[in-house]
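Take a look at the letters that make up each chain.
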Amino acid sequence: MPRRPLPWLTPVFAAAFAATVCLVCDVTADTRNNEIHPNPPSLIVAQTTDTVTYRTPDGRRLQLSKHPRRTVVLLTSLLDLWYQAGGTAVGRCAGDLNVPFEARELPILGTFANPNIEKMIQLEPDLVIATDVGAFRAMVPLLEANGIAYLLVRYVNYTDYLALVELFSTINGNTTQGRRIVAGVSAQIDDFIAQIPPLPQPRVLIVFTSPNLISCELAESQTGEMVRMLGGVNIIDGSFFKSNSRVNFSLERIALLDPDIILINTMGDVDACKERLLHELAANSAWAALRAVRRGRVHYLPKSLFLYKPSAHYPRAFRYLATILYPEVFGSLPAINSSLEAADNATAF
Amino acid sequence: MPPLSNRRTRHRLTILSGLAMLCAAAFALSVSLGALRLPLPALWTAMFDPSVGVHHQILWSIRLPRTLVAGMVGICLSLSGCLLQAVMRNPLAAPNLIGVSSGAGLAGVVILILFPNAYYLLTPVAFAGALGATLLVYLLAWQHGLRPIRLILAGVAVSSFLGAWITGLMIFYPDRVHSVLGFMVGGLAARGWIHVHILWPYAAIGLTGALLSGRRLNLLMLGDDTARSLGMAVERSRLLFIVLAALLAAAAVSVAGLLGFVGLMVPHITRLIIGEDHRFLLPGCALMGAALLMACDTLARVALDPVEVPVGIIMALLGAPFFLYLLRMNMPQR
């Protein structure tokens, strides 16, 4: 006589299924309302002569003392921005890109994912700056216990850059300098945007790493936001997943949407990957049939401008992208490409 | 061994036919569902008429090869698991236990993290890593012959050792972890005809081996001494089956990433349905593995369309409760 399954088994599975559905509904909540703000909302809630009250990425309000003397910055792209906003540091994490010249000899406190907290506390910092992700959030109780102020921020795209320049320069007592930087960068980018022809809008797919993984960047990602600001349409725009700048996307859907341009952000060496990848795309019938591949509009993006945060070099990144999207307006890509790569090598950020 | 004519055998053959139909249904479902939704007649036309354009392209270049890869990965992994469970006489034996997953995993992570320019080498290097780790486990476990328990313990130790390297690389290169995740979870996104060509020889070898080796595996299950007394070369057979299992799993893992669930659970699920006789269990595993993976991959494609869920996650989410359900049912054939 076969035994019946445990009576609670079915309700438990049903509950697990329902929980999964809720989770999916939650993470796929509509995020189409992510318009780019011409003037991004400020992170600064209030300030006095000595303090700044700012809004954290999760909506809380925290107060910081201005003019920190011993700052530790645990992400090199934030370090670049911090120095640009008039700050100095006593320690940083490992990395070569985006390290300002003055900060190159600073003590290294481990990798950004795994900073050495003992070494950091030995430096007696009065402010620790990092991004608002799990590894750094886990550090907060320890920092609080040691009386060290901290600033966890979100730095994903250009909008964040503008808000952070303002916040960092205010903390350093250089509000005017911050405003000048923001105005200068914004003016250059507005100039590119003003030159964009009204129609047709190029339809763009942004792939991360390699076409075999089909991990695609959304509107909120760094490149996604720039494409949108430059009048392009991300073919994966408007779909799913809040708080997620990349998503595994269906190759079938990509074939149906048939983008005009494919942009590829890669971890690898761009020059080393480029030729092989273009050859593979042409050899794979699924990809070769796409309009972008047939017309030779598949572009590898320089890492320093698109994978990492270009910070002060955002105008260059916008210019590069504008050239890809509108070669008829901004000239041919190879000339700009070679000059940009040369500049990248010279500044090595 | 029972003769093929008795009632129980007829029952098992009926179950095998049922599994074959299930497999065919999963294939049909996988080919007909996806981002491109067409009614069946239009689907048929689009599949075989190149003048249909993008629809033909999608069905012929994307969906059909992916379905075939899913089926073959299912066949390879489940046969590999079934062979290993029999050879080791251990219900927890699976491809990851003899180092296949950790070997392929480390090789894959090294390529994706340290040499991202050489991403096109992922499949052959993962294959080599899987076989290399299996060979290492085998050599470490060998001492005047091979005892299953030593092989399992050596497998666990080697897997832990290689796993530490994988984790270490991911910790030291956190900005590159994203590209590794897909491989570690296992998925079939963007698999095409090239992967079909890589896999089909292994699936064919596996299926042939499965049909031919059922009787030998049944003997091996009786214990080494009994098998020897019945004239079987135990060590040689065991080595042969382990090599076959490693080849099957390495081929599957190098194409689909580290799909953990299939090799362990599919043999158990099939055993609960069809019984212990390997003459039926092995072809049953192949059919069940193919059907399950094709069905789960279909779900992975359509559940959150156009977003894709890695099939490894779907397999574990649905397969584990299904397995527990079967376990609780305690099928009367057992």
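Rules behind the numbers
- Residues numbered from 1 in each chain as written.
- Chains lettered and ligands numbered in written order.
- Predicted model: local features only at pLDDT ≥ 70, side-chain atom pairs only at ≥ 80, totals over all residues.
- Heavy atoms only, no water.
- Helix = DSSP H or I, 4+ residues; strand = E, 2+ residues; numbered from the N terminus.
- Rg over C-alpha atoms; globule rule 2.2 N^0.38 Å.
- Buried < 20%, exposed > 50% of the residue type's maximum accessible area, 1.4 Å probe, protein only.
- Contact = heavy atoms within 4.5 Å.
- Areas by Shrake-Rupley, 256 points an atom, 1.4 Å probe, with all protein chains shown as cover.
- Core = buried A, V, L, I, M, F, W, Y, C linked by side-chain atoms within 4.5 Å.
- Pairing = 2+ DSSP bridges.
- Axes fitted to C-alpha atoms, helices over the stretch in contact; angles between N-to-C directions.
- Disulfide = S-S within 2.5 Å.

A word on the overall build of chain B
- Summing up its helical and strand segments, chain B has 13 helices and zero strands in all.
- Reading the helices (α) and strands (β) of chain B from amino to carboxyl end gives α-α-α-α-α-α-α-α-α-α-α-α-α.
- The C-alpha atoms of chain B give a radius of gyration of 20 Å, which matches the 20 Å a tight globule of 334 residues would have.
- Overall, chain B is about 65 × 55 × 35 Å in size when its C-alpha atoms are taken along their principal axes.
- Buried residues in chain B amount to 58% of all 334 residues.
- Contacts in chain B between residues far apart in sequence, at least 24 positions, make up 76% of those at least 6 positions apart.
- For chain B, the accessible surface area stands at approximately 13,700 Å², while carbon and sulfur atoms represent 73% of it.

Notes on the nonpolar core
- Residues L205 and I262 of chain A together with V73 and L151 of chain B are the most contacted members of the largest nonpolar core, which totals 138 residues.
- By size, the runner-up hydrophobic cluster in this structure holds 57 residues, among which are I129, Y158, L167 and L301 of chain A.

A few points about the sheet that holds strand β3 (residues 61-65) of chain A
All names here are of chain A.
- Within the open sheet, the three strands sit side by side as β1-β2-β3. Their pairing is antiparallel. Looking at strand neighbours, the two that pair on one side only are β1 (44-47) and β3, the edges of this open sheet. Between one strand and the next, the sheet's axes are offset by a mean angle of 25 degrees, whatever the strand orientation.
- Bridging between strand β2 (residues 51-55) and β3 involves five bridges; their strand directions are antiparallel. Looking across to β3, one finds that V52 is bridged to L64.

Looking at the state of the cysteines
All names here are of chain B.
- Under the defined criterion, the tally for this structure stands at zero disulfides over all chains.
- No disulfide involves C76; its sulfur sits 13 Å from that of C285, the nearest cysteine.
- C76 gets classed as buried once you look at its relative accessible area, which sits at 0%.
- Cysteine C82 is unpaired, with the sulfur of C285 as its nearest cysteine sulfur at 3.7 Å.

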